[in-house]
Amino acid sequence: MHTVVVGAGIGGLVTATLLARYGHNVTLLEQASEAGGKMGRATIDGCTFDTGPSLITMPFVLDAFFRHAGTTLQEQLQLIPIDPGCHYRWSDGSRLDIPFSAEAIPEAVGGLSPSDSAAMRRYLDHAATVYRATGNVFIFSAFEGFKEFIKPRNASLLPMLPRLRFTQSMHAMHASMFQDRRIVQLMDRFATYNGSTPYRAPATLAVIPHVEFQYGAWYPRGGVYAIAQGCERQALANGVTIRYDTAVTRIVHDGRRVSGVVTADGELISADVVVSNVDVHVTQSMLLGQSARPPRDPSMSGFIMLMSVAKQELGLQHHNVLFSDDYQREFHDIVERHTPASDMTIYLSRSAHTDPTQAPPDRENWFVLVNAPATGRRDGSWHTMRDAYAERILGRMRHFGIDPVIRAMEIRTPDDMVRMWNADRGSLYGASSNSMFSAFLRPRQRSKQFTNLWYVGGSAHPGGGVPLVATSGMLAASGILGRPFSIPS
Ligand SMILES: Cc1cc2nc3c(=O)[nH]c(=O)nc-3n(C[C@H](O)[C@H](O)[C@H](O)COP(=O)(O)OP(=O)(O)OC[C@H]3O[C@@H](n4cnc5c(N)ncnc54)[C@H](O)[C@@H]3O)c2cc1C
């Protein structure tokens, strides 16, 4: 059985590895010269940067993958807990550190807003209930939409529905539970973990803060990119043939079946099964040549600044968030008006704070990420506003007393996300979760149209983020091989 996997993102690597381990002859074709896709890395002025994910949750998912591949997470990576998990600042001068340990979070919140300490305890209990009720249906299994509700094994889900708050927005739930607008904003921000707006995403996404608080925020020693390297090692160890610098331009199909792929060099590679780790919409439109409609509501993109800065004590932690003054307006700008926010929330990761191997002793590696509209294009216009927007972000940072001495900087815009990964309009996580029906509309692993074409990665079920795309890879491998790959949740 020859399988071609297109794309060496985490989803592609996971699927390729498991298929190879269980008997397929697997060829993995990647357009870039290294593995990882959005989980990328860069070196600037002697500093090493993770250019995609910076925070890892649900480590048990990666462990499940590594175990199915014949090793363990512990053998492959050294995960370091990040404590505090995140340092938050508001422009009124207030600050809050959220500790790594879930038990300590309500008390920490009480330090900023005493009345919200008990509310946070209630919230965490509620979020744990939602996760227990939905995890196995919406994340860890091949999802069959509304059919899930009539499956005997999910019988307990129906009576739970009102408690899952599908119809309420995340923001509405947070505003009803917390009194302090800063705590509401802090909790609302979790909607952005899959590129959504808290003003539309369903309150069911309380599972996102739950998994970060309950399972912790982790960092692999040597950089997040160590995860991509670990996955690549497993692919090779299990016999996958990886060909880098090999872009696929077409998936060959006839009737209800695909029969192989054509590379940019014109080479035809036949396959019994094709797995696409490329964005589902891009796969359908560019690689299958179909007139597929793009998702109406893509997840947000990002505006990124990779900065080597002179070391300076500014009271920052590893993960830092500087909030905008008007969150609703910020999301209105980005998601409804498709324009960069004028007053933006700034995420700043300094992994050298935890891991000195990431920067020389006199510098720090600052990864700055601001949510941006998914308006990226290959021939796009972001380059005309790029420098001015970066200047605006730096100006906003100064407002928080953060005025770095920048030694070198590289900027990436949504246009770059299209160019680098073929991401639909530069969106970071495929379709957004801006509706209660998003999970139902997200493409499943098996193509509806072609019986031997499979989708893995952030734009397919169960969605974006490292643990979810790894899950997606395990679900695809499971569907193709007809054997389960359990993920103890
Ligand atoms: C800036 C940023 C910050 C993020 N932060 C976090 C975080 O903190 N925590 C977290 O869990 N997640 C985070 N994510 C999300 C996470 O990185 C992604 O969800 C995940 O890595 C996507 O994996 P994937 O399997 O969908 O593949 P992708 O990473 O999308 O990879 C797809 C691969 O396919 C290749 N490809 C595309 N077209 C072709 C073609 N025609 N031929 C051959 N190859 C092709 C691409 O080059 C790429 O390597 C972040 C993402 C970004 C960009």
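Definitions and limits used
- Residues numbered from 1 in each chain as written.
- Predicted model: local features only at pLDDT ≥ 70, side-chain atom pairs only at ≥ 80, totals over all residues.
- Near = placed C-beta within 6 Å.
- Helix = DSSP H or I, 4+ residues; strand = E, 2+ residues; numbered from the N terminus.
- Nonpolar A, V, L, I, M, F, W, Y, C, P; charged D, E, K, R; others polar.
- Core = buried A, V, L, I, M, F, W, Y, C linked by C-beta atoms within 7 Å.
- Buried ≥ 20, exposed ≤ 12 C-beta atoms within 10 Å, placed from the backbone.
- Domains from an automatic or database assignment.
- Contact = placed C-beta atoms within 7 Å.
- Pairing = 2+ DSSP bridges.
- Axes fitted to C-alpha atoms, helices over the stretch in contact; angles between N-to-C directions.
- Parallel < 35°, antiparallel > 145°, perpendicular 65-115°, else oblique.
- Left-handed = near helix turned anticlockwise from the far one by under 90°.
- Expected span 1.5 Å × (residues − 1).

Enquirer: Could you clarify how one ought to interpret the site of the ligand in this entry?
Expert: Near the ligand there are 35 residues, and of these Gly7, Gly9, Gly11, Gly37 and Gly457 occur at the shortest range. For the shell around the ligand, the secondary-structure elements that each account for two or more residues are helix 1 (10-21), strand 14 (301-310) and helix 16 (466-481). Counting residues per element, the shell around the ligand draws most heavily on helix 1, which supplies 3 residues. Here the shell around the ligand is built from residues that sort into 18 nonpolar, 15 polar and 2 charged.

Enquirer: Just to check I follow, could you spell out the nonpolar core for this structure?
Expert: Among soluble globular proteins, nonpolar side chains are generally buried collectively. One finds Val274 and Val368 to be the most contacted residues of the largest nonpolar core, which totals 137 residues. Both domains that meet at this core, namely domain 1 (2-39 + 222-296 + 436-481) and domain 2 (104-216), each give it at least three residues. Apart from residues lying up to four places away in sequence, Val274 is in contact with Val4, Val6, Ile251, Val258, Val261, Asn452 and Leu453.

Enquirer: Sorry, what's going on with the sheet that holds strand 17 (residues 363-372) here?
Expert: Backbone hydrogen bonds hold the strands of a sheet together, and the pairing may be parallel or antiparallel. The 7 strands lie next to each other as 7-6-15-16-17-14-18, forming an open sheet whose pairing is mixed. Of all the strands in the sheet, just strand 7 (95-98) and strand 18 (406-412) have a single pairing partner and so form its edges. This sheet shows a mean twist of 20 degrees between the axes of neighbouring strands, independent of strand direction. Summarising the sheet, strand 14 and strand 18 pair through 6 bridges and their orientation is antiparallel.

Enquirer: Is there a simple way to explain the sheet that holds strand 13 (residues 273-276) in this structure?
Expert: Strand order across the open sheet formed by 5 strands is 9-2-1-13-19, with parallel pairing between neighbours. At either end of the open sheet lies a strand with only one pairing partner, and these are strand 9 (241-243) and strand 19 (453-455). The average undirected angle you get between the axes of adjacent strands in this sheet is 20 degrees. In the sheet, strand 13 pairs with strand 19 via 3 bridges, with the strands oriented parallel. Within strand 19, the residue paired with Ser276 across the bridge is Tyr455.

Enquirer: What is the right way to read the domain arrangement of the protein chain from this model?
Expert: A common measure of how large an interface is: the accessible area buried when the components associate. On domain assignment, one finds that the protein chain holds domain 1 (2-39 + 222-296 + 436-481) and domain 2 (104-216). Elements with a minimum of two residues in the side of domain 1 that touches domain 2: helix 15 (438-441) and helix 16. When residues of the side of domain 1 that touches domain 2 are assigned to their parent elements, the largest contribution, 4 residues, is made by helix 16. Classifying every residue of the side of domain 1 that touches domain 2 gives 6 nonpolar, 7 polar and 1 charged.

Enquirer: How should I be thinking about unusual backbone geometry in this particular structure?
Expert: For residues besides glycine, phi is generally negative; the peptide bonds are generally trans as well. Note the cis peptide between Asp83 and Pro84, where omega equals 0 degrees. Its location among the elements puts Pro84 in the loop between strand 5 (79-81) and strand 6 (86-89). Of note, Asp45 is a non-glycine position whose phi angle comes to about 50 degrees, a positive value. For Asp45, the position within the fold is in the loop between strand 3 (41-44) and strand 4 (47-50). The phi torsion at His338 lies on the positive side, around 55 degrees, for a residue other than glycine.

Enquirer: Is there a simple way to think about the pairing of strand 11 (residues 257-263) in this case?
Expert: The side chains of a regular strand alternate between both faces of the sheet. As paired strands, strand 10 (residues 248-254) and strand 11 are joined by 6 bridges and run antiparallel to one another. Residue pairing across strands places Val248 opposite Thr263, the latter belonging to strand 11. Across 3 bridges, strand 11 lies against strand 12 (residues 268-270) in antiparallel orientation. Its bridge partner being in strand 12, Val261 is matched across the sheet by Ile269. In this antiparallel pair of consecutive strands, strand 11 and strand 12, the connection spans 4 residues, and Gly266 shows a positive phi of 90 degrees.

Enquirer: Help me understand the packing of helix 4 (residues 105-112) against helix 5 (residues 116-139) in this model?
Expert: A pair of packed helices can be characterised by two numbers: the angle between their axes and the separation between those axes. The interhelical angle for the contact between helix 4 and helix 5, taken along N-to-C directions, is 150 degrees, at an axis separation of 7 Å. By the criterion of interaxial angle, the relationship of helix 4 to helix 5 is roughly antiparallel. Relative to helix 5, helix 4 is oriented so that their crossing is right-handed. Contacts from Ile105, Pro106, Glu107, Val109 and Gly110 of helix 4 reach helix 5 at Asp116, Ser117, Met120 and Arg121. In terms of residue class, the contact of helix 4 with helix 5 is built from 4 nonpolar, 2 polar and 3 charged.

Enquirer: How should I be thinking about the environment of Asp343 in this particular structure?
Expert: Here Asp343 shows up in the loop between helix 12 (327-336) and strand 16 (346-350). Overall, the presence of 16 C-beta atoms within 10 Å leaves Asp343 in the partly exposed class. Along the chain, Asp343 and Phe323 lie 20 residues apart, while their C-alpha atoms are 9.0 Å from each other. Excluding anything up to four places from it in sequence, Asp343 contacts Ser324, Asp325, Asp326 and Glu330.

Enquirer: Sorry, what's going on with helix 16 here?
Expert: Along an α-helix, residues three or four apart share an orientation, since each turn contains 3.6 residues. For helix 16, which comprises 16 residues, the first-to-last C-alpha distance of 23 Å matches the rise-based estimate of 22 Å (1.5 Å per residue) to within 8%. Across the 16 residues that make up helix 16, a large majority, 14, are buried. One or two positions beyond helix 16, positive phi appears at Gly482, with a value near 70 degrees.

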